[in-house]
Amino acid sequence: MPLDSKTTGFKYIGTRPDRPDGIDKVTGKARYGADAYASGMLHGVMVRSPHAHAKIKKIDASKALALKGVKAVVTRADFPTGLEGEDWNIQENCMAGEVALYDGHAVAAVAATSLLLAREAAKLIEVEYEVLPHVTDVDEAMKPGAPAIRAGAADYSVPEGLHPNVMRYIEYGHGDLDAGFAAADLVMENTYKTEAAHQGYIEPHACLAQLGSDGKGEMWVCTQGHWFIRRMSAAVLGIDVANLRVTPSEIGGGFGGKTTVFVEPVALALSRKAGKPVKMVMTRSEVLRATGPTSSSSIDVKMGMKKDGTMTAAKVTMRMQGGAFPMAPIDSALDCAFSCYNIPAVHHEGYDVLANRPKQAAYRAPGSPMAAFATESLVDEMCRALKLDPLKTRLKNASREGTKASFGPTFPRIGLVETLEAALAHPHYAAPLGPNQGRGVASGYWMNWGGETSVSAALGEDGSVTVSVGTPDIGGSRASMALMAAEALGIPYENVRVNVVDTGSLGVNEPTHGSRATYATGLATIEAVKQISTKLCQRAADKWGIPAEAVIWEDGCAKPSGPNAGEFPPLAIGELAAEMGGTGGPISGHFEATPSGHGGSFGTHIVDVEVDPETGYTSVLRYTVVQDAGKAIHPAYVEGQFQGGAAQGIGWALNEEYIYGADGRLQNTVFLDYRIPVASDLPMIDTVIVEVPNPGHPYGVRGVGETGITPPLPAVANAVHAAAGVRLRSLPMSPPRILAAIKAKG
Amino acid sequence: MVKVHLWSGLRRFTDGADVVEVEAKTVGEMMKALVEAHPGLDPVIKAGVSVSVDGKLIARGLHEQVSDDSEVFLLRQLKGG
């Protein structure tokens, strides 16, 4: 355990104070990506390919540039050449080079004095294309004869003989698979498919960028991670990171989709060319067509089970397309596929495949929901076949401390068993059901993350404390950091202010991703403020004329550590702070690390649905999330993460999908057609916070942001099966598909 | 000697071995020794990997200690949303 641990007896941790940014957000004062203005600011608009795959033969911007008020047009020719690896991928995705790789791929951009003028100018930029054959389905993209999107780009891992669209291949496992299947009483194997879904953040991508001819620039941007934005933008433009200062706005949702760049380097390029600041704000259609949805997947799963429910062997083959670029999340999908279970023999195989779609981006537990849909659906099917209770069967096989994980290492202390036991004991699991109603359960896992982290804390003259963090506040992290700082210092929550600061103010911070902010930034916050209390103890010791070791920090005060230290009244933080200018100067603390003690989080969900046999429409009647949080710092925000993950998973299960036409163009580019669940679609989602402390965090925190989206896909599918008697192995389970399955059953 | 467990797809770079033994006291020394013993692993490690030491996932801590008793796995690089 890296720090002094404290998992009980908290004063502030576990309370539910108002969020410090709440009033600004509900009164409209909070400034989001599109809320920035600068003197002389121009508006940038992108020109996008209307083709799924096309050679760019010519771009003529003369008519656009002839318009009064049009100040600059950029194409790929305005970006440096010679980039390699992921830098090249990012540059190519932000602005196409020789070939447009998907519907919506940016091919040019224009900056003008008004948004209307910029839009008009974009229409006047003439692009001559040679349309190429395209492919958007992952299975089709691997077949002989499928158009090769980037021949020769596969990495070292791909064996000879596979289609050139296969970019990466992964294979691993342990145990004797044949013996495991031979020992089973039942072996089942099925194929499952999931369609791409979008994170559906309400705030579109937006930035205000300024880059001078001297190569120095600044950017205001809506992002999960401004150091990532700085590094990627600098790489795409060929400038030094130190010359670019990036300030994050408030953020209206990200869920992984705002950990990379789309318009930001282009806005900087336009600014550099025009000599003016340039603002770019995506439309919803642009967000859906040209940012980073999930991969779509096609998954074969095979499992062996004994009559008593003991799992004997399992095998998964996963094919994922991540758009026209490599790095679909097959790695984490495979790692999560069987992570809930202690299975003696497992085998994993994965294919990362190109297709003519936008470059996938992270979305809440990338890959894990797809894997869970396949695995947890099959487990449900096998429990039905063997007439076993699905929760008890999961409990019988559950991973626990000491289990050799399906992906290799031995699990440390984890909380899956506790979530299963809590779900079994929950009244929801025993509640009666009506006609056409069914109940489904599923479990899921996300391994979480630590990541590069840097935090500073400064003591004010009145004893209040300012904490500077580099992880944008998406889900209430200012409140969580303030609670942890208050707990560590023994001062009221209200006396801590947490600011999300720019790239010039701290060392590198990874984004708020990987469910890491409360864990990693929290750990760094605790350590930073402990440096303050240590320094305060020194000041008190100096005043009392005793060694610093004879002073302890307790309840916001410096106190003699025992009778041998002498009799002195406690010195409160406010008293010490008021005189710090005369006792040695300013007091602050700083901590930076890449903590690796993040503990994984497991969850188990229960859902009741009713399926209308005449329309195929599914109503979600009741939903319960049970998840291990390690320690809930601010329980209301933990519950919010649980509920948000469930809501997004329900949408992915029932309605959300990228629909491509035969021409390879996205058909549903607005929220009217890309249907995310709204409040009226959902019941109140009940939550149960399980707390199995993570030994890698001083207060036991586990990240909670991502696991919640993992079980809903299979849980809803299992409930639909229970309600309608039909098994849907392809998502989404939209009313027409369910109705067709009901009719096919007869 | 530290026993490093590799994922199966890397066997072709290690003469078919799933487990490779190297002399190392830190993760950094372990990576270096792996590449020296099996140069085919160089692009794999350069592309980015994670290391699990006794169940703790280490992404970039080359100074982290390993011992002959450690359970060490080379894993694919992971990131979240």
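Predicted model only: the values in this text are computed from it and were never measured. (Residues numbered from 1 in each chain as written. Chains lettered and ligands numbered in written order. Predicted model: local features only at pLDDT ≥ 70, side-chain atom pairs only at ≥ 80, totals over all residues.)

## Observations regarding the overall build of chain A
How we decide: Where helices and strands are cited, they refer to DSSP runs of H or I of at least four residues and of E of at least two residues respectively, numbered from the N terminus. When we talk radius of gyration, it's over C-alpha atoms, and the globule rule is simply 2.2 Å times the number of residues to the 0.38. Field definition: a residue is buried when 20 or more other C-beta atoms are found within 10 Å of its C-beta, exposed when 12 or fewer are, and partly exposed for counts in between, with C-beta atoms placed from the backbone. Each residue gets a C-beta atom placed from its backbone, and two residues are in contact if those atoms lie within 7 Å.
If you tally the helices and strands in chain A, you get 21 helices and 26 strands. In terms of overall dimensions, chain A is globule-like: its C-alpha atoms have a radius of gyration of 27 Å, near the 27 Å expected for 746 residues. Seen through its principal axes, chain A has C-alpha atoms that stretch 85 × 75 × 50 Å. Taken across its 746 residues, chain A has 58% of its residues classed as buried. Long-range pairs, those at least 24 residues apart, make up 80% of the contacts in chain A with a sequence separation of at least 6.

## Observations concerning the packing of helix α12 (residues 390-397) of chain A against helix α13 (residues 416-425) of chain A
Residue and element names in this part refer to chain A. As a reminder, the rule being used: Axis definition: a line fitted to C-alpha atoms, limited for helices to the stretch in contact. Angles are taken between N-to-C directions and run from 0 to 180 degrees. Orientation categories follow fixed angle ranges, with anything under 35 degrees roughly parallel, anything over 145 roughly antiparallel, 65 to 115 roughly perpendicular, and all other angles oblique. Here a crossing is taken to be left-handed if its near helix is turned anticlockwise relative to the far helix by less than a right angle, and right-handed if that turn runs clockwise. Charged residues are taken to be Asp, Glu, Lys and Arg, nonpolar residues to be Ala, Val, Leu, Ile, Met, Phe, Trp, Tyr, Cys and Pro, and polar residues to be all remaining types, Gly included.
For the pair α12 and α13, interaxial distance at closest approach is 10 Å and the crossing angle is 160°. Put simply, α12 runs roughly antiparallel to α13. The handedness of the crossing between α12 and α13 comes out as left-handed. In contact with Leu 391, Arg 394 and Leu 395 of α12, α13 contributes Val 417, Leu 420, Glu 421, Ala 423 and Leu 424. Residues that form the contact of α12 with α13 fall into these classes: six nonpolar, no polar and two charged.

## A short note on the environment of A:Ala234
Residues and elements named next belong to chain A. Its place among the elements puts Ala 234 in helix α7 (residues 226-237). Sequence spacing of Ala 234 and Asp 87 is 147 residues, and the spatial spacing of their C-alpha atoms is 9.8 Å. Excluding residues that lie within four positions of it along the chain, Ala 234 makes contacts with Ile 239, Asp 240, Val 241 and Leu 244.

## Notes on the domain arrangement of chain A
Reports of interface size often rely on the accessible area that becomes lost once the parts have come together. All names here are of chain A. Note the cut-off: Where each domain starts and ends follows an automatic or database-derived domain assignment.
Annotation of chain A at the domain level lists domain 1 (22-30 + 450-593) and domain 2 (367-448 + 599-745). With centres defined by C-alpha atoms, the gap from domain 1 to domain 2 works out at 38 Å. Listing elements by their share of the side of domain 1 that touches domain 2, those giving two or more residues are α15 (477-489) and α16 (517-544). Per-element tally for the side of domain 1 that touches domain 2: the top contributor is α16, with five residues. Counted by class, the side of domain 1 that touches domain 2 contains six nonpolar, seven polar and one charged residues.

## Digging into the interface of chain A and chain B
Of the residues lining the interface, 31 residues belong to chain A; the matching set on chain B comes to 22 residues. Every element with two or more residues in the side of chain A that touches chain B is listed here: β7 (166-174) and α10 (330-337) of chain A. With five residues, the top contributor of residues to the side of chain A that touches chain B is β7(A). Of the residues that constitute the side of chain A that touches chain B, the class distribution is 15 nonpolar, 12 polar and four charged.

## Points about the sheet that holds strand β17 (residues 453-459) of chain A
The strands making up a sheet are joined through hydrogen bonds of the backbone, oriented either antiparallel or parallel. Residues and elements named next belong to chain A. Note the cut-off: Two strands make a pair as long as DSSP finds a minimum of two bridges between them.
Ordered in space as β19-β18-β17-β23, the four strands form an open sheet in which the pairing is mixed. With partners counted over all chains shown, the strands left at the sheet margins are β19 (496-500) and β23 (588-593), one partner each. Within this sheet the neighbouring strands show an average axis-to-axis angle of 15°, counted without direction. The pairing of β17 with β23 spans six bridges and is antiparallel. Counterpart to Ser 456 in the pairing with β23 is His 590. Against the sheet, α15 touches β17, β18 (465-469) and β19, its axis set at about 140° to β19. The sheet strands contacting α16 are β17, β18 and β23, and the helix crosses β17 at an angle near 35°.

## Description of the sheet that holds strand β20 (residues 551-554) of chain A
Residues and elements named next belong to chain A. One open sheet holds the three strands; their spatial order is β20-β21-β22, and the pairing between them is antiparallel. Only two strands of the sheet have a single partner each, and these edge strands are β20 and β22 (571-572). Where β20 and strand β21 (residues 557-560) come together, four bridges link them in antiparallel fashion. Within the sheet, the bridge partner assigned to Trp 553 lies in β21 and is Ala 558. Packed on one face of the sheet, α16 meets β20, β21 and β22 and runs near 130° to β20.

## Some remarks on the pairing of β17(A)
Residue and element names in this part refer to chain A. Counting buried residues along β17, six of its seven residues qualify, which places the element largely inside the surrounding structure. Sheet topology note: the β17/β18 ladder contains four bridges and is antiparallel. Within the sheet, the bridge partner assigned to Ala 458 lies in β18 and is Thr 466.

## Topic: the environment of A:Val70
Residue and element names in this part refer to chain A. If you trace the backbone, Val 70 turns up in strand β3 (residues 70-74). The class for Val 70 is buried, based on 23 C-beta atoms found within 10 Å. Through-space distance from the C-alpha of Val 70 to that of Leu 391 is 63 Å; in sequence the pair is 321 residues apart. Val 70 has contacts with Ala 64, Leu 65, Val 110, Ala 112, Leu 117 and Ala 121, leaving out every residue within four places of it along the chain.

## A closer look at the pairing of β18(A)
Residues and elements named next belong to chain A. Most of β18 sits inside the fold, with four of its five residues counted as buried. Remark: five residues form the turn of the hairpin made by β17 and β18, two consecutive strands paired antiparallel; Gly 463 in that turn has positive phi of roughly 90°. When β18 meets β19, the two strands line up parallel, connected through five bridges. The residue of β19 that forms the bridge with Val 467 is Val 498.

## Focus on the packing of helix α19 (residues 635-654) of chain A against helix α20 (residues 712-724) of chain A
All names here are of chain A. Where α19 meets α20, the closest approach of the two axes is 8 Å, and the angle between their N-to-C directions is 55°. When the interaxial angle is binned, α19 and α20 end up oblique. Of the two possible hands of crossing, α19 and α20 adopt the one that is right-handed. Residues Ala 646, Gly 649, Ile 650, Trp 652, Ala 653 and Leu 654 of α19 touch α20, and the partners they reach there are Pro 712, Leu 713, Val 716 and Ala 717.

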